[in-house]
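Structural overview
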Amino acid sequence: MSSRAPEPVGAYPYTKRVGDLLFLSGVGPRTRGSADIPDGIEAQCRACFENVRVILEEAGAKWADIIDVTVFLTNMKRDFDTYNPVYAEYFAGDGMPNPTRTTVEVGALPTAIDVELKVIAHCATMKK
């Protein structure tokens, strides 16, 4: 369990390690100790990415270890054009190939958020 990421909204851990793979549960844009949700899709995207970074670091992985991202948007038509450049910003310039990515629209997420990320990372040197 992360000590810096927001608390999960259900009975699940944020991470599950299987061999050299690290699977992250859906990560939303809330902050630890608060139910507040950032205003607007750009702020929510940035909060999601920072929460993923914290969870990876606490598991002994790093941003460059991400190999696959599934993004859930509640309104593709409204939010994709804002989300996509923010996503590109977070994955630019690290010298590594970008992870694979799937972006899907969903009717709703468990709380009143507009975006959630599901991430898989690979790192042979992660904490066990």
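Refer to the structure above for everything that follows.
In this report, the structure presented in the accompanying data block is examined. (Residues numbered from 1 in each chain as written. Predicted model: local features only at pLDDT ≥ 70, side-chain atom pairs only at ≥ 80, totals over all residues. Heavy atoms only, no water.)

Next up on the list: the state of the cysteines. Under the counting rule described, the total for this entry stands at zero disulfides. Summary of cysteine pairing: Cys48 is not part of a disulfide, and the nearest cysteine sulfur, belonging to Cys45, is at 6.5 Å. On the accessibility criterion, Cys48 (1% relative accessible area) is buried. (Disulfide = S-S within 2.5 Å. Buried < 20%, exposed > 50% of the residue type's maximum accessible area, 1.4 Å probe, protein only.)

Scanning the model with the defined rule gives nine aromatic pairs in all. Measuring from centroid to centroid gives 6.4 Å for Phe49 and Phe91, while their planes differ by 90 degrees, and the two rings are edge-to-face. Of this pair, Phe49 sits in helix H1 (residues 41-58) while Phe91 sits in the loop between helix H2 (76-90) and strand S4 (100-105), and the two are 42 residues apart along the sequence. The two residues Phe49 and Phe91 agree in class, both being buried. (Phe/Tyr/Trp six-rings, centres within 6.5 Å; stacked < 30°, edge-to-face > 60°. Helix = DSSP H or I, 4+ residues; strand = E, 2+ residues; numbered from the N terminus.)

For the rest of this paragraph, the subject is the side chain of Arg30. Examined against the element boundaries, Arg30 turns out to sit in the loop between strand S2 (21-27) and H1. For the buried Arg30, no salt bridge is present, and the opposite-charge side chain at shortest range is Glu116, 5.9 Å distant. Within the local environment of Arg30, its side chain forms a polar contact with the side chain of Thr111, the two groups lying 3.4 Å apart. Apart from the residues within four sequence positions on either side, Arg30 is in contact with Pro6, Glu7, Val9, Tyr14, Ala35, Asp36, Ile37, Asn51, Thr111 and Ile113. (Lys, Arg positive; Asp, Glu negative; His and termini not counted. Salt bridge = Lys/Arg side-chain N within 4 Å of Asp/Glu carboxyl O. Polar contact = N/O pair within 3.5 Å; in protein donor to acceptor, adjacent residues only side chain to side chain. Contact = heavy atoms within 4.5 Å.)

Inspection of the secondary structure puts Gly40 in the loop between S2 and H1. Its relative accessible area of 31% is what places Gly40 among the partly exposed residues. Gly40 sits 11 residues away from Asn51 along the chain, and the two C-alpha atoms are 17 Å apart.

Where charged atoms of side chains with opposite charge meet at close range, the side chains can pair. Taken as a whole, this structure holds seven salt bridges when the rule is applied. For Asp20, the salt bridge goes to Arg17, with nearest N and O atoms at 3.7 Å. In this structure, Arg78 and Asp114 form a salt bridge, with 3.5 Å as the shortest nitrogen-oxygen distance. In this pair, Arg78 sits in helix H2 while Asp114 sits in the loop between S4 and strand S5 (115-122), placing the two residues 36 residues apart along the sequence. Exposure remark for Asp114: the relative accessible area of 21% places this residue in the partly exposed category. Linked by salt bridges that have partners in common, Glu42, Arg46 and Glu89 make up one network.

What follows covers the sheet that holds S2. Strand order in this open sheet of five strands is S1-S2-S5-S3-S4, and the pairing throughout is mixed. Across the chains shown, the open sheet's two edge strands, defined by having one partner strand only, are strand S1 (15-18) and S4. Strand-to-strand, the axes of this sheet are offset by a mean angle of 10 degrees, without reference to chain direction. Relative to S4, strand S3 (residues 66-73) runs parallel, the two being bridged by six bridges. Along S4, the bridge assignment pairs Thr70 with Thr102. Running over the sheet, H1 touches S1, S2, S3 and S5 and is turned about 30 degrees from S5. Relative to the sheet, H2 contacts S3 and S4, its axis offset from that of S4 by approximately 160 degrees. (Pairing = 2+ DSSP bridges. Axes fitted to C-alpha atoms, helices over the stretch in contact; angles between N-to-C directions.)

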